[in-house]
Each structure stands twice: as C-alpha cells, then as structure tokens.
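# Fold and contact review
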Amino acid sequence: MITWQVASGGPLRRLDERVDPSLTGHGPSWLAEALADLGSMPVALPVLALAIGYALWHGLRRRALIAAATMALVPLLVVPLKEWIARPGPFDPATGYYPSGHTATAMVAYGSAALLLSPLLRRRWPMPAAAGALTAATGIGLVLHGYHWPLDVLASCCLCGALLVVSSTGMRRSSSRTRRR
C-alpha cells in the first residue's frame, strides 16, 4: 500500500511531504548523521559478520547461512524498487530514495544478528529489542537529517520485516531439524 501511495502520488505521499519539513533539521545535526550511519554498510555489516562468526563457532551453520542469504537479498529487493519508484529525496532532485537502503540494511543486519544470537543467550528478548532500537535510531537519523522521507523509512521496515519473518521461520525449521537428528 505504501509503495502504491508513493508511486501514484496518493494522499499518504502528500501527507509525508507535508510532515517531513516539520521533522527535518530538529536536534543536533551530528547526532542525526551518526544515527543515520548506523544503517551504513561499514557499520551494520561487521555486526552481522561477527554474529555469523559466533553462530558458526557454536555450530549453527544453517542459521548462519540463512542470515547471510537474507542480507544478500536486501540489495536485490531494494535497488529495483528504488529504480522503479524513482522518488527524489527531501533536498535532492536526484531519484532513488524510496525505499531507504540504510534502513533496510540496518533492519536486516541487526535483526538477523538478533535471530542468530538469541538462542545462544539465557535471556532472548534483549537482542531483538536492541535490533529494533538500532533500526529505529537509523530511521530517525535519516529523517531528521533530511536524507529520507518518513515513508521511505517505513516502507523499508515493512519490506524487511517480512523478510525477517521468512528468515526466522527458516532458522526455526533449521533448528528443529538439527534437534531431531
């Protein structure tokens, strides 16, 4: 629905473009940029790589492979959408801002890391909570700094949330097969 609204210039897109100026530029610029950078490849991918390494160390090969494959799907899903929608940025007439690649990277990298590490921890809830907080911080930084419209961030969360549900299902099935052997 969000993609349809953005592509067609529907009421949600018009609301998005009216609301964004009231959000952009609030708070310290350095903080907004630092939060936005949480979704960059040089920050998010090493976190996932460390989680994959730790999972491999503990013999969770299938789960680690699923996490890596999920991350590999991000550009395959996001880049064609960016080209198809061709939405300009809040302050940039260039296109390719919808959906947010930084938000997608953050959500899948931190979410996959949480899915990988949670079974190895006594308390499982802190990892998904941290992944959610890091993804939210990324999206907030992107909007506050003016890199993305709010719907760009929301669309990435919806797309990658679905991707993580599929990944989680695969990881659970992988774990149940391992336990049966």
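Here the structure is shown first, and the text comes after it.
Scope of this entry: the structure provided in the associated data block. (Residues numbered from 1 in each chain as written. Predicted model: local features only at pLDDT ≥ 70, side-chain atom pairs only at ≥ 80, totals over all residues. Heavy atoms only, no water.)

### Structural notes on the layout of surface pockets
Put simply, the rule reads: Here a cavity means grid points, on a 1 Å grid over the protein atoms only, where a 1.4 Å probe fits yet cannot get out; a pocket means an open set of points with protein on both sides within 12 Å along at least five of seven lines; lining residues are those with an atom within 4 Å of a point. Grid points are joined across faces, edges and corners, and a volume is the space filled by probe spheres set on the points. For helices the rule is a DSSP run of H or I covering at least 4 residues; for strands it is a run of E covering at least 2, with both sets numbered from the N terminus onward. Side-chain classes are defined by residue name, with Ala, Val, Leu, Ile, Met, Phe, Trp, Tyr, Cys and Pro counting as nonpolar, Asp, Glu, Lys and Arg as charged, and the others, Gly among them, as polar.
Computed from the structure, the second largest pocket encloses a volume of approximately 160 Å³. Every residue along the wall of the second largest pocket is listed here: Met107, Gly111, Ala114, Leu115, Pro128, Ala131, Gly132, Thr135, Gly161, Leu164, Val165 and Ser168. Only α6 (101-117), α7 (126-145) and α8 (150-180) provide two or more residues apiece to the lining of the second largest pocket. Its residues assigned to classes, the lining of the second largest pocket comprises seven nonpolar, five polar and no charged.

### Overview of the side chain of His148
The cut-off we apply is this: Contacts described as polar in this section are N or O atom pairs within 3.5 Å, which, within protein, must combine one atom able to donate a hydrogen with one able to accept it, while residues neighboring in sequence count only if both atoms come from side chains. Note on contacts: a residue pair is in contact if any heavy atoms of the two residues lie within 4.5 Å.
Assignment of secondary structure puts His148 in the loop between α7 and α8. In terms of polar contacts, His148 uses its side chain to reach the side chain of Asp152, at 3.1 Å. If we skip the residues at most four places from it in the chain, His148 touches Asp20, Lys82, Pro90, Tyr97, Pro99, Ser100, Gly101, Leu142, Val143 and Val153.

### Considering the environment of Val43
Within the secondary structure layout, Val43 lies in helix α4 (residues 41-57). Measuring from C-alpha to C-alpha, the distance between Val43 and Ala109 comes to 9.7 Å, with 66 residues separating the pair along the chain. In this view, Val43 contacts Asp37, Leu38 and Tyr110; residues no more than four positions away in its chain are not counted.

### So, the nonpolar core
Cut-off, in case you're wondering: Working definition of a nonpolar core: buried Ala, Val, Leu, Ile, Met, Phe, Trp, Tyr and Cys residues. They are joined through side-chain atoms within 4.5 Å. We call a residue buried when its accessible area falls under 20% of the maximum for its residue type, exposed when it is over 50%, and partly exposed in between, using a 1.4 Å probe and counting protein chains only.
Leu48, Ile52, Ala67, Met71, Val74, Val108 and Leu116 are the most contacted members of the largest nonpolar core, which totals 26 residues. Those elements that place two or more of their residues in this core are α4, α5 (61-85), α6 and α8. When residues in this core are grouped by element, the largest group, 10 residues, is from α6. Core analysis: the next-biggest nonpolar cluster, separate from the first, contains seven residues, Ile2, Val6, Ile85 and Tyr98 among them.

### A look at α4
One turn of the α-helix equals 3.6 residues, which is why residues spaced by three or four share an orientation. Spelled out, the test is: Here a helix's expected span is defined as the number of its residues, less one, multiplied by 1.5 Å. Note: the arc covers the axis-to-C-beta directions of the helix.
Across its 17 residues, α4 extends 23 Å between first and last C-alpha, which sits within 8% of the 24 Å expected from 1.5 Å per residue. Ala44, Leu48, Ala51, Ile52 and Ala55 are the residues of α4 that are buried. End-on, the buried residues of α4 take up no more than an arc of 100°, which puts them together on one face. Looking at α4, the residues exposed on the side facing more than 90 degrees away from the buried face are Pro42, Leu50 and Trp57. Taken together, the buried residues of α4 touch α5 and α6.

### Considerations on the state of the cysteines
Let me state the cut-off plainly: When two cysteine sulfur atoms lie within 2.5 Å, the pair is treated as a disulfide.
All told, the structure shown has zero disulfides when counted by the stated rule. Cys157 carries a free sulfur, and the closest cysteine sulfur to it, the one in Cys158, is 7.0 Å from it. For Cys157, a relative accessible area of 25% translates into the label partly exposed. Of the cysteine sulfurs around Cys160, a residue in no disulfide, the closest is that of Cys157, at 7.7 Å. You can call Cys160 buried: its relative accessible area is 1%.

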